[in-house]
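Residue-level listing of the chains:
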Amino acid sequence: MDSAVATASGTAALHVALIVAGVRPDDEVLVSDLTFIAPINAIAYVGAHPVLIDADEATWQMDPSQVRRYLTEGCTWDGRELRSKETGRRVSAIVPVHILGHPVDLDPILELAREFGLVVIEDATESLGAHYRGRKVGTLGDVACFSFNGNKLLTTGGGGMLVTKNPAWARRAKHLTTQAKQDPLEFVHDEIGFNYRLTNVQAAIGVAQLERIEAYLATKRKIATAYDGFLGAIRRMARAEWAQPCWWLYTARFPGTIDSRELLRALEARRIQTRPLWQPIHLSPAYPGLRRYRCPVAESLYGSCLSLPCSVGLQDSQLERTLEALRELLR
Ligand SMILES: *Cc1c(COP(=O)(O)O)cnc(C)c1O
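Note that the structure is a prediction, hence the values are computed from the model and not measured.

A.B. asks: Break down unusual backbone geometry for me, citing the residues and quoting the values.
C.D. replies: A positive phi angle, close to 65 degrees, is found at L100, a residue other than glycine. Relative to the elements of secondary structure, L100 occurs in the loop between strand 6 (91–95) and helix 4 (106–116). The backbone of W247 shows a phi angle near 55 degrees, a positive value even though the residue is not glycine. Take W247: it is sitting in the loop between strand 12 (243–244) and strand 13 (251–253).

Set out below in structure tokens:
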């Protein structure tokens, strides 16, 4: 990526990325169903409509075969524009969300985007430091977004960044994030802009954080290796052979007879915090219009997964205690 624009949050970066990439009101944008809600909200901010794509059983990420199915069976292509058969709306972009620190299988998605003239906006907010087939996540689409929120791998308290290969998009993003002020002196604004700047204090924190990224990634790998070894093939976090995850949020799957929420409460009683995954967007009360989507894999993961303690500040003794509690409760 050639250009970067710092923003007040990852959500702000996604909002501006959609605008500069040419997504217009009433367009359709393909996006992961199983994700934190921010990218869906950003799509709504520009007046576009999310098309929810189910997760892939093997990776838990946006399923490229479902993307293909929607684009080839659900749309018509006149060699110039892609339109939904059902709604007649223009389809303009795909937003693959690399969830939990693991990359989306991007090559087939990039190929489909090229075939149908769509832009690809990577939501890389959870996967800074991850690699897809040896390439860095967040460098593969037309534009990518990062977050420096307090819960992310690198944090500035709050913040984000948009990166792109397109210098004109970067210039427009800089303009829009700084209230679209046209003149260095006079307060003349040539379009409706936003106050989406990252403050210089936050930027200084981010620069210092960046110096520690390799140490953070090594800690995350160590924690993931411990959980992987303990959980075994069925319960450990999904990992494709082509993926080098950054292990942002280590998540275990408890299929079958174990009730994940009961396990959560039992761990909570031992003062060990775990978290369920996000409610799949097609079930969200914030988007009642999206109830018609069927995303069975996302629903199954939502019911059976728990994110385990994996902060870079986690002490060895705390990790040991978590494994001990799991050993006892899963017996
Ligand atoms: C954290 C996150 C964002 C951005 O969040 P901000 O809090 O706005 O920085 C966007 N998408 C996903 C998937 C996230 O997890």
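Now, onward.
A.B. asks: I'd like a rundown of the packing of helix 3 (residues 64–73) against helix 4, residues and numbers included.
C.D. replies: In contact at an axis separation of 9 Å, helix 3 and helix 4 are set at 15 degrees when each is read in the N-to-C sense. In terms of their interaxial angle, helix 3 and helix 4 are classed as roughly parallel. The interaxial crossing formed by helix 3 with helix 4 has left-handed handedness. Residues P64, V67, R68, L71 and T72 of helix 3 touch helix 4, and the partners they reach there are P108, I109, L112, E115 and F116. Class assignment for the residues of the contact of helix 3 with helix 4 results in seven nonpolar, one polar and two charged.

A.B. asks: So, the pattern of salt bridges: which residues are in play, and what are the values?
C.D. replies: As a working rule, side chains carrying opposite charge can pair if their charged atoms are close by. Counted according to the given criterion, the structure contains 12 salt bridges. As a salt-bridge pair, E57 and R253 come within 2.6 Å of each other at their nearest N and O atoms. In this pair, E57 sits in the loop between strand 3 (49–53) and helix 3 while R253 sits in strand 13, placing the two residues 196 residues apart along the sequence. Linking K222 and D316 is a salt bridge whose minimum nitrogen-to-oxygen distance equals 3.0 Å. Note that K222 is positioned in helix 7 (residues 213–235) and D316 in helix 10 (residues 316–329), a separation of 94 residues in sequence. D316 gets classed as exposed once you look at its relative accessible area, which sits at 52%. If you follow the salt bridges from partner to partner, you end up with D26, E28 and R89 in one network.

A.B. asks: Please provide a residue-by-residue account of the site of the ligand, values included.
C.D. replies: Among the 16 residues in the neighbourhood of the ligand, the closest are listed as G10, T11, E126, S147 and K152. Here an oxygen atom of the ligand sits 2.8 Å away from a polar atom, N or O, in the main chain of G10. In this structure, S147 approaches the ligand through a side-chain N or O atom, which is 2.6 Å from an oxygen atom. Alone, the ligand offers 380 Å² of accessible surface; in the complex the protein occludes 92% of this. Element by element, the count of residues in the shell around the ligand is highest for helix 1 (residues 10–20), at three residues. Taken together, the residues of the shell around the ligand sort by class into five nonpolar, eight polar and three charged.

The rules behind each value
Residues numbered from 1 in each chain as written. Predicted model: local features only at pLDDT ≥ 70, side-chain atom pairs only at ≥ 80, totals over all residues. Heavy atoms only, no water. Helix = DSSP H or I, 4+ residues; strand = E, 2+ residues; numbered from the N terminus. Axes fitted to C-alpha atoms, helices over the stretch in contact; angles between N-to-C directions. Parallel < 35°, antiparallel > 145°, perpendicular 65-115°, else oblique. Left-handed = near helix turned anticlockwise from the far one by under 90°. Contact = heavy atoms within 4.5 Å. Nonpolar A, V, L, I, M, F, W, Y, C, P; charged D, E, K, R; others polar. Salt bridge = Lys/Arg side-chain N within 4 Å of Asp/Glu carboxyl O. Buried < 20%, exposed > 50% of the residue type's maximum accessible area, 1.4 Å probe, protein only. Near = heavy atom within 4 Å. Polar contact = N/O pair within 3.5 Å; in protein donor to acceptor, adjacent residues only side chain to side chain. Areas by Shrake-Rupley, 256 points an atom, 1.4 Å probe, with all protein chains shown as cover.

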